[in-house]
Amino acid sequence: KEESTLSITVVGASGDLAKKKIFPALFALFYEDWLPENFTVFGYARTKMNDEELRNMISGTLTCRVNQRFSTLPDLSFPIPHDLNADTREHLQGKLPHTAKPSYLKNFELLIEAAGKVSNRLFYLSIPPNIFVDVVRSVGLRASSLNGWTRVIVEKPFGRDSESSGELTRCLKQYLTEDQIFRIDHYLGKELVENLSVLRFSNLVFEPLWSRDYIRSVQLIFSEDFGTEGRGGYFDNYGIIRDIMQNHLLQILALFAMETPVSLDAEDVRNEKSLRSMKPLKLGDVIVGQYKGHSKSGRSYPAYTDDPTVPKGSLTPTFAAAALFINNARWDGVPFLMKAGKALHTRRAEVRVQFRHVPGNLYKRNFGTDLDMATNELVLRVQPDEAIYLRINNKVPGLGMRLDRSNLNLLYSARYPREIPDAYERLLLDAMAGERRLFIRSDELDAAWALFTPMLKELEEKKIAPELYPHGSRGPVGAHYLAAKYNVRWGDLG
Ligand code: BG6
């Protein structure tokens, strides 16, 4: 725990992310005594609010790991937003729209000034791209003359292709050093994702198997059982490939497939993450879908294009499946299948590792013609109900010789009764400690875009129509054909 003073400034404080994730995470850290003695939280938002309104908005969503929900702020001195004097306070309710640029920037600079009075400053930028440059410039220019450290957490979208991402990077680097920039991908802060390396590198039963010799396919699956409700405006500009695959799923893949790092230091780990050895995605290895309206048990579920913020006839994918390959000796020929979708039948994120057949399996005939059913599968269920399980073949007890597949199951809720911290808690704490291992380095970001940009361009230029799937279904059948092309099946479908 650092003794010095710290200010945390959330820019975009009235946004969804701030409300649902950033403030609750800060509160949980505070509640569990992870924050320095002297810290102040500032909020800056485009929605006009006074102190009390902002406090009320935040306190309504403050939950912490002890599972309490506070309807009003608890009697703990959580210094939610600012402690400025009455004169400046009025200015700080300024709006953020870029048309009002000079005045909002002036107000923002006042806030930076206040934040600058303490020894260390963390800025969390959860803002749209059109105001990004101005905000970064203000922070960067002021930071260079302050003592202590200034760090800036930036949230995606980091552009929408190689070019726009490159521009953002150039802007960031003009005003901040790479050391000050913390590009967040909250999936890297999830407990099971953090455990991936532990599982692999500290277990002899897994480590030697981590290659094409034993692994037949790796599947990264993300599904949500709700649509883009309320976020259509943002989403339509990006689509599921940019929203989930190019960052969250790709980061898990890169961690999964990396070579053994020299140490657990941030640079060593990030040097080994395997993004640079991946082949750019081909359009033929991608299928896209979009949800359509559906009614079930007297309830009707809207189509993606029913959202008033989504342009009619939008071709933006809300579902995609893709096959990626890694160009190195360890993974040559192994398909890494990704699948991500909104408005599917369930909410789930998992990594499924499908192993090869046992050569000359003695029990082959006990599986009939479907020997595929006899391969082992290791599953990391990232959420919900965090678990790690291994599907093995087992003899069904009895006098006959019948085999079935059973799970060796490590269910976190049974093994570890303590609640699992939210990803944002871990990442905020890391940023405060200057630990960069779970943040995206600029070369990683470039590599990630290089993998997806040519395919995205082609997809959009050719105006490929997404395959429609009913809201609440298992997604388009095209995903099965994609897996079948590589001779595998999606593990989550049985
Ligand atoms: C965000 C995406 O990055 O991750 C959202 O923009 C998505 O579309 C969210 O809903 C999922 O995060 P989690 O932690 O709820 O799985």
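Note that the structure is a prediction, hence the values are computed from the model and not measured.

What follows covers the sheet that holds strand β15 (residues 403-411). With mixed pairing, the nine strands of this open sheet are ordered in space as β15-β14-β13-β12-β6-β11-β10-β7-β16. Looking at the sheet topology across the chains shown, the edges are occupied by β15 and β16 (467-470). Each strand axis lies, on average, 20° off the axis of its neighbour in the sheet, ignoring direction. Bridge count for strand β7 (residues 286-292) against β16 is four bridges, and the pairing is parallel. Within β16, the position partnered with Gln 290 by the bridge is Leu 468. Across the sheet, helix α7 (residues 191-201) touches β13 (377-383) and β14 (387-395), and the angle it forms with β13 is around 150°.

Next up on the list: the sheet that holds strand β5 (residues 181-183). Overall, parallel pairing links the five strands, which are arranged β2-β1-β3-β4-β5 in an open sheet. The open sheet is flanked by β2 (39-44) and β5, the only strands paired with a single partner. Within this sheet the neighbouring strands show an average axis-to-axis angle of 15°, counted without direction.

On inspection of all chains with the given rule, the structure shows 16 aromatic pairs. Between Phe 319 and Tyr 469 the ring centres are 5.7 Å apart and the planes differ by 65°, which places this aromatic pair in the edge-to-face class. Here the residue Phe 319 occupies a position in strand β10 (residues 319-324), and Tyr 469 occupies one in strand β16, the gap between them amounting to 150 residues. Summarising the burial analysis for this pair, Phe 319 and Tyr 469 share the class buried. The ring of Trp 149 has Arg 151 lying over it, and the distance from NZ or CZ to the ring centre is 3.7 Å. One Lys or Arg, Lys 190, reaches over the ring of Tyr 187 and ends 4.4 Å from the middle of that ring.

The subject of this paragraph is the pattern of salt bridges. Evaluated as defined, the whole model comprises 23 salt bridges. Salt-bridge contacts for Arg 391 lead to Glu 377; the nearest nitrogen and oxygen are separated by 3.8 Å. Of this pair, Arg 391 sits in strand β14 while Glu 377 sits in strand β13, placing them 14 residues apart in sequence. Taken individually, Arg 391 and Glu 377 each receive the classification buried, so the pair is uniform in this respect. Taken together, the shared-partner salt bridges in this structure form one network comprising Lys 156, Glu 224, Asp 243 and Lys 342.

Here strand β1 (residues 6-11) lies mainly inside the structure; six of its six residues are buried. Two strands pair when backbone bridges link them, and β1 and strand β3 (residues 120-125) are joined in this way by six bridges, in the parallel orientation. Its bridge partner lying in β3, Ile 8 is registered against Leu 122. Relative to β2, β1 runs parallel, the two being bridged by six bridges. Note that in β2 the partner of Val 11 across the bridge is Tyr 44.

Criteria and thresholds
Residues numbered from 1 in each chain as written. Predicted model: local features only at pLDDT ≥ 70, side-chain atom pairs only at ≥ 80, totals over all residues. Heavy atoms only, no water. Pairing = 2+ DSSP bridges. Helix = DSSP H or I, 4+ residues; strand = E, 2+ residues; numbered from the N terminus. Axes fitted to C-alpha atoms, helices over the stretch in contact; angles between N-to-C directions. Contact = heavy atoms within 4.5 Å. Phe/Tyr/Trp six-rings, centres within 6.5 Å; stacked < 30°, edge-to-face > 60°. Buried < 20%, exposed > 50% of the residue type's maximum accessible area, 1.4 Å probe, protein only. Lys NZ or Arg CZ within 6 Å of the ring centre and 35° of its normal. Salt bridge = Lys/Arg side-chain N within 4 Å of Asp/Glu carboxyl O.

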